[in-house]
Amino acid sequence: MRRFFQRYTLHGVMVLPLFLYLLAFTGLPLLSCLMLSFTDAVSRVFPSWNNYLALFRLGQFRVALWNTLWLTGVGVSLEVLAGLGVALVLHRVVLGRTVVRTIVLTPLGVPTIVTGVMFMYLFGSTGYTNELLYRLGVLDTPVDWLMGDWRTFGVLLLAELWKVTPVVTLIMLAGLESIPESALEAAAVDGAGGWSRFWYVTLPLLRPALTMAVVIRAIDAFRIFELPLMLTGKNLPVLGTFAYSEYYDYNNPFTSAAAASLLLVIIALGIGGYLLVMVRRQEEIA
Amino acid sequence: MTARELWWYGGGLLAVVYTLVPLYLLFKISVSPPTEALTPHPSFGLHTLTGEHWRLLLTSGTLWPPLGKSVAVALWTMLGAVGIATPAAYVLARLPQTWKYGCILALFASRMVPEVGIALPVAVQFLRWGLVDTQLGLVLAHLVKVLPLVAWILVGTFETIPVELEEAAQVDGCHRLAVLRRVVFPLAAPGVAVAALFAWLESWNEFTYALYLSLTENTLPLQTYYYVTRGSWFDAATYAIFLTVPVLVVTAGLQRYLKAGYLAGAVKG
C-alpha cells in the first residue's frame, strides 16, 4: 500500500487540480442550477415543480422550446448538407483549390458576435437584402426580416449556416480523404456511374464522419445563443436567450435555472438517442 | 470543361461569394459615410471612403478599457489553462486505455453543458463574493470552457511521446521529476503552444460568461454587442473588425491543427 502511494503520489498531485476545478466550476454549478430549478421562487421550498409548471404556462417559453428544436433539426440538416457539398467541391475542384479552401474556411476565424453584426447589416430594415430586392424590382417597401416570423427563422438559419458550415466541411474533408481511391476505381470498373459511385460507395464510407458531424453540430445548435440574442432578441426566443432574459430582465433565477436544466436534458436525450439509433443501425448492417 | 465540372465550379463559386459578401459589407460599412450606409437605399460599392469611424474608434477612449480587459483575461486564462491542464494531461495520457477514454469522454461531456446553466449559479455566487466585473472572476469562468479543450489537445500531444524515452532517462539515473522537466515537457512544447493559442482564442471570443459576469466593465465582444443594441452601425463595424483581426491571424496560423473535434463547443451560433 505504501509503495502504491509512493509511486502514484506525483501523478495524483498532477491530475488533482484539473478535476477539482471541473468539480468546483462545472459540477457544483450544474448541481446548484438543478437545485435552483426545483426550489419554489416564493416560499423557497425544495423540492418543488412550480418553476417548471410556471414555465409551461408561459407562451414565450413554449415558443422558445419549439424554436430551439426546429432550429436544431432544420439547421443541422442544412449545415451537414452544405458542409458535405463544399467538401465535395474542394475534393473535385483542381483549379484554385487552395484559394477556395482558404476563403470558405474563413468563418472559422470570425467570432460569432461579428457574424451577428454582419447579418444585421444584411437583414436590418435598411439592410442590403432589402436594397438588393428593391433594385431587382422584387420589392417596393422594405421587409422587416427580424420581427419574428418564418423569415426571421430563415435569417437565423442563414447566419448560422455562414458561421458553422466550415466545421462540417473540415469533418467531411477528413472523411473523404480517408476513402481509398481503390474502392471508387473498383466500382468504376464494375460499371458504376458517377452518381451511383457516390451513393453506394462514398456515402456509406462517410457514415462515421456524418455521425460525428451531426453530433458535434447538434450539441452546439441546441445551445445557440449569441446569434438569436443579437439578431432577433425577444422576437424569436430560443431556450438559451429565454433563460438569459428570465435572469437578466426579470431577475428570476429560478425559472432561468429551470429553462437551462431543461436545455441540458434535451441535449443529453437528443445526443444519446441519436447515438443509440446509429449504433443499432450499424449493428443491423454488420 | 464538361458540364459536370461546371456544376462543381458553380457550387464552389456560390460558397465563395456567400462567404465573402458579409465580410465585404462589414469592411465597407466601417469606411462609409452615414449618407451611404444608414439610409433607406444604401450603396453597394465603395464610393466615398472615410476614416472617420476608425479615428473615432481609436480616439474616443471607449476602446481601451474593454481591450485591456479582454487582453488580460485572455492571457490569464491561457496561462491558467496551460498550468492546470498540462500536468493532468500527461497523467491522463499515461493511463490504461479504458480509463483514458473514460476521462476524455468526461472532458468532452463537460463541454456539452449549456453555458446559461453554468453561468447562472456562477453569476449568483460571484455577486456574493464580489467577483462580478473583475478580471479574476471572468478568468475563473473562462477556464470552465477552456480547460477541457486544452486538456484534450494535450492528451493527444503526450500520447505521441513514447514511454520508452522516459524509461531510458530513468535508467540513466534521472529522477522522475527531472524526466518530466528535461525530456517530456520539452518534447511536448509545440503541442502546448498550440493548446495555449486555442485557449487564448476561446477566451478572446467568449461572450456568454462575460455577459453574465459583467455589469459595467465590458470586454471587447460585449462592447461590440453594446453598439449593436444601440443601433450604432459604424461603431459596431469598427469594433467587430478590431475584434476579428487577431482571431483571423491566429486561426490562419493554427490551420494545420484545426481538427473538427477541437471545434466542438467552440463554433456555435
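Preceding this section is the structure that the text describes.
Everything quoted here is computed from the prediction, not taken from an experiment.

Draft legend 1. Quick look at the overall build of chain B. A count of helices and strands for chain B gives 13 helices and zero strands. Ordered by position from N to C terminus, the α and β elements of chain B give α-α-α-α-α-α-α-α-α-α-α-α-α. A total of 269 residues make up chain B; the buried ones form 46% of that total. Contacts in chain B between residues at least 24 apart in sequence constitute 76% of all its contacts with a sequence separation of at least 6.

Draft legend 2. Main features of the overall build of chain A. Broken down by element type, chain A carries 13 helices and zero strands. Taken from N to C terminus, the helices and strands of chain A fall in the order α-α-α-α-α-α-α-α-α-α-α-α-α. Relative to the 2.2 N^0.38 estimate, which gives 19 Å for 286 residues, the radius of gyration of chain A is 24 Å and therefore markedly larger than a compact globule would have. Relative to its full complement of 286 residues, chain A shows a buried share of 41%.

Draft legend 3. Seen up close, the interface of chain A and chain B. The interface of chain A with chain B comprises 72 residues on the first partner and 66 residues on the second. With 15 residues, the top contributor of residues to the side of chain A that touches chain B is helix α1 (residues 2-37) of chain A. In terms of residue class, the side of chain A that touches chain B is built from 53 nonpolar, 12 polar and seven charged.

Draft legend 4. Quick look at the environment of Thr134(B). Residues and elements named next belong to chain B. With respect to the secondary-structure elements, Thr-134 resides in the loop between α6 (115-129) and α7 (135-159). Overall, Thr-134 belongs to the partly exposed group, with 17 C-beta atoms counted inside 10 Å. Note: C-alpha distance between Thr-134 and Val-73 (61 residues apart in sequence) is 9.5 Å.

Draft legend 5. Focus on unusual backbone geometry. Here the bond from Phe46(A) into Pro47(A) is cis, since omega is 0°, no more than 30 degrees from zero. Here Pro47(A) is to be found in the loop between α1 and α2 (50-57). In the Ramachandran plot, Asn251(A) falls in the positive-phi region, its phi being about 50° despite a non-glycine side chain. Of note, Asn251(A) is situated in the loop between α12 (239-248) and α13 (253-285). With a phi angle near 70°, Asp133(B) is a residue other than glycine that sits in the positive phi range. Note that Asp133(B) resides in the loop between α6 and α7.

Draft legend 6. Just the nonpolar core, in detail. Counting 152 residues, the largest nonpolar core has Val117(A), Ala85(B), Leu147(B), Val150(B) and Ala151(B) as its most contacted members. Counting residues per element, this core draws most heavily on α7(B), at 16 residues.

Draft legend 7. Seen up close, the packing of helix α3 (residues 59-92) of chain A against helix α10 (residues 207-222) of chain A. Residue and element names in this part refer to chain A. One can describe the packing of α3 onto α10 by two numbers: an axis separation of 9 Å at closest approach and a directional angle of 140°. Here α3 runs over α10; the crossing is right-handed. Contacts from Thr-68, Leu-71, Thr-72, Gly-75, Val-76, Glu-79, Val-80 and Gly-83 in α3 reach Leu-210, Ala-213, Val-214, Arg-217, Ala-218, Ala-221 and Phe-222 in α10.

Draft legend 8. Main features of the environment of Pro107(A). Among the structural elements, Pro107(A) can be located in the loop between α4 (97-105) and α5 (112-123). Pro107(A) gets classed as buried once you count the C-beta atoms within 10 Å, which come to 26. Taking the C-alpha atoms as reference points, Pro107(A) and Trp162(A), separated by 55 residues in sequence, lie 7.0 Å from one another. Aside from chain neighbours lying at most four places away, what touches Pro107(A) is Trp162(A), Lys163(A), Pro166(A) and Thr19(B).

Draft legend 9. Up close: the environment of Leu10(A). Residues and elements named next belong to chain A. Counting through the fold element by element, Leu-10 comes out in helix α1. Its 14 C-beta neighbours within 10 Å are what place Leu-10 among the partly exposed residues. Note: C-alpha distance between Leu-10 and Glu-79 (69 residues apart in sequence) is 46 Å.

Draft legend 10. Expanded view of the packing of helix α8 (residues 181-189) of chain A against helix α9 (residues 194-205) of chain A. Residue and element names in this part refer to chain A. As a packed pair, α8 and α9 sit with axes 10 Å apart at the nearest point and diverge in direction by 160°. Comparing the axis directions of α8 and α9 gives the class roughly antiparallel. Like other packed secondary-structure pairs, α8 and α9 cross with a definite hand, here right-handed. Listed contacts from α9 to Ala-183, Leu-184, Ala-187 and Ala-188 of α8 are Arg-197, Val-201 and Leu-205. Along the lines of polarity and charge, the residues of the contact of α8 with α9 split into six nonpolar, no polar and one charged.

What counts and what doesn't
Residues numbered from 1 in each chain as written. Chains lettered and ligands numbered in written order. Predicted model: local features only at pLDDT ≥ 70, side-chain atom pairs only at ≥ 80, totals over all residues. Helix = DSSP H or I, 4+ residues; strand = E, 2+ residues; numbered from the N terminus. Buried ≥ 20, exposed ≤ 12 C-beta atoms within 10 Å, placed from the backbone. Contact = placed C-beta atoms within 7 Å. Rg over C-alpha atoms; globule rule 2.2 N^0.38 Å. Nonpolar A, V, L, I, M, F, W, Y, C, P; charged D, E, K, R; others polar. Core = buried A, V, L, I, M, F, W, Y, C linked by C-beta atoms within 7 Å. Axes fitted to C-alpha atoms, helices over the stretch in contact; angles between N-to-C directions. Left-handed = near helix turned anticlockwise from the far one by under 90°. Parallel < 35°, antiparallel > 145°, perpendicular 65-115°, else oblique.

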